[in-house]
Amino acid sequence: MTVTDETSREGRPEEIRAVPVRHWGRWVAAVIIAYIAVWAVYSVVNNPNFGWDVIGQNFTITAVMTGIGKTLELTAIAMVMGVVGGVLLAIMRLSPNPLISGSAWLYIWAFRGTPVLVQILLWAFIKALVPQLSIGIPFGPTFAHFDANSLITPFVAGCLGLGLNEAAYMSEIVRAGILSVDQGQAEAASALGMSRAKTMRRIVLPQAMRVIIPPTGNETISMLKTSSLVSVIAVPELLYSVQIIYGRTYQTIPLLLLASIWYLIMTSILTVGQFYLERYFGRGTAQRQTMLERMWAGLRNSRRAYRETVEGRER
């Protein structure tokens, strides 16, 4: 009996036996990377100069945990100020009124063009510029006076320096997100009788979130680390708390590593939250997968290919 007769009798052609392609280069690279990683971990763990015992003893002490809480508080307040201010500045930049648009541009130019550390120091020493803050009518009578140093404490100065600087960067992020939405969306909303503010709130901003969220997540992670700059004005956040400890014990390197480990833990948590937030606002587009999801998908594909190969051999 010929192959043709057998094919016609069964009514279907013989199945193609696909053999997976072997990527030997990937395996060689993986082995090299694994060897380097194991060597690096072994060297770090067995180096007594890192002071792992000191890190373990001070990892969860009260001063460090208080500093972590202050760091998170600074990050949250500064990012709320940055996001709210960034949205307002972005809308102002896109305003057809040249005065409003120019004012927003001037703010962004000033705060993006000077170092954030300088801005923090200026707020901390605000009394040298403005000894008293007053509430009243411009060029008219004043109703209340406040001492600048008592009103703007080091913590408030840190929040103002970080938050107002972040607003300048967030404004450009929000503006890019707004401009990414097709102009026809706003025109259609205007044709339906919606005001400019309502169109921005109901139509444009929800669609712009897909573009705004990723860089905003990056800015939040960056803000968590940038908050360490307020240690120069004696705000007891994580880095300053660690500096106080090693100022007494002279164990500088282990305690700086302790602070680095805590920063890595906090940024890792924020990175995971950013990933799922991006996936939520990116519904309807190509979805990203986590590393574990990619590994699980690769294992399933490998098992399927192996099973199909075995079944083909048996036939």
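Bear in mind that the values here come from a model prediction, so they are computed numbers and not experimental data. (Residues numbered from 1 in each chain as written. Predicted model: local features only at pLDDT ≥ 70, side-chain atom pairs only at ≥ 80, totals over all residues. Heavy atoms only, no water.)

## Concerning the overall build of the chain
Put simply, the test is: Helix and strand assignments follow DSSP, with helices taken as H or I runs no shorter than four residues and strands as E runs no shorter than two, numbered in order from the N terminus. Partly exposed describes any residue whose relative accessible area lies between the buried limit of under 20% and the exposed limit of over 50%, with all areas from a 1.4 Å probe on protein chains only and scaled to the type maximum. The criterion used for residue contact is that any of the two residues' heavy atoms lie within 4.5 Å. Only the protein chains shown count as covering a residue, and every accessible area follows the Shrake-Rupley method with a 1.4 Å probe.
In terms of helices and strands, the chain carries 13 helices and 2 strands. Counting over 315 residues, the chain shows a buried share of 29%. Restricting to contacts in the chain with at least 6 residues of sequence separation, those with at least 24 account for 71%. Here the chain has roughly 20,700 Å² of accessible surface; of this, 65% comes from carbon and sulfur atoms.

## With respect to the side chain of Ser101
Assignment of secondary structure puts Ser101 in helix H5 (residues 98–112). A relative accessible area of 18% places Ser101 in the buried class.

## Side note on unusual backbone geometry
Backbone geometry at Ala234 places phi at a positive 65°, although glycine is not the residue there. Relative to the elements of secondary structure, Ala234 occurs in the loop between helix H10 (196–226) and helix H11 (238–249). By relative accessible area, Ala234 is classed as partly exposed at 41%. One non-glycine residue, Tyr250, lies in positive phi territory at about 60°. If you trace the backbone, Tyr250 turns up in the loop between H11 and helix H12 (252–281).

## Some details on a nonpolar patch on the surface
Inclusion rule: Like-charged residues within 9 Å of one another, or nonpolar side chains (Val, Leu, Ile, Met, Phe, Trp, Tyr) within 5 Å, are grouped into patches, provided each residue has over 30% relative accessible area and no salt bridge. A carboxyl oxygen of Asp or Glu within 4 Å of a side-chain nitrogen of Lys or Arg is what we treat as a salt bridge.
A surface patch of nonpolar side chains, amounting to about 580 Å² of accessible area, comprises Val28, Ile32, Tyr35, Ile36 and Trp39. Relative to the helices and strands, Ile32 resides in helix H2 (residues 24–45).

## A word on the nonpolar core
Note the threshold: Take the buried residues of types Ala, Val, Leu, Ile, Met, Phe, Trp, Tyr and Cys, join any two whose side-chain atoms come within 4.5 Å, and each joined set is a nonpolar core.
The biggest cluster of nonpolar side chains holds 17 residues, and the ones touching the most others in it are Leu74, Ile120, Leu162, Val230 and Ile233. Sorting the residues of this core by element identifies helix H4 (62–93), helix H6 (116–124) and helix H8 (154–180) as the ones contributing at least two each. Broken down by element, this core gets its largest block of residues, 4 residues, from H8. For Leu162, the residues in contact, after removing those within four places along its chain, are Leu74, Ala78, Val116, Ile120, Met223, Thr226, Ser227 and Val230. The next biggest cluster of nonpolar side chains, apart from the first, holds 15 residues, and it includes Leu238, Val242, Trp262 and Tyr263.

## Here we look at the pattern of salt bridges
As enumerated under the stated definition, the model contains 2 salt bridges in all. A salt bridge links Arg93 to Glu172; the shortest N-O distance between them is 3.2 Å. Here the residue Arg93 occupies a position in helix H4, and Glu172 occupies one in helix H8, the gap between them amounting to 79 residues. Notably, a salt bridge pairs Arg175 with Glu172, separated by 2.9 Å at the nearest N-O pair. Of the two residues, Arg175 and Glu172 both sit in helix H8, 3 residues apart, roughly one turn of that helix.

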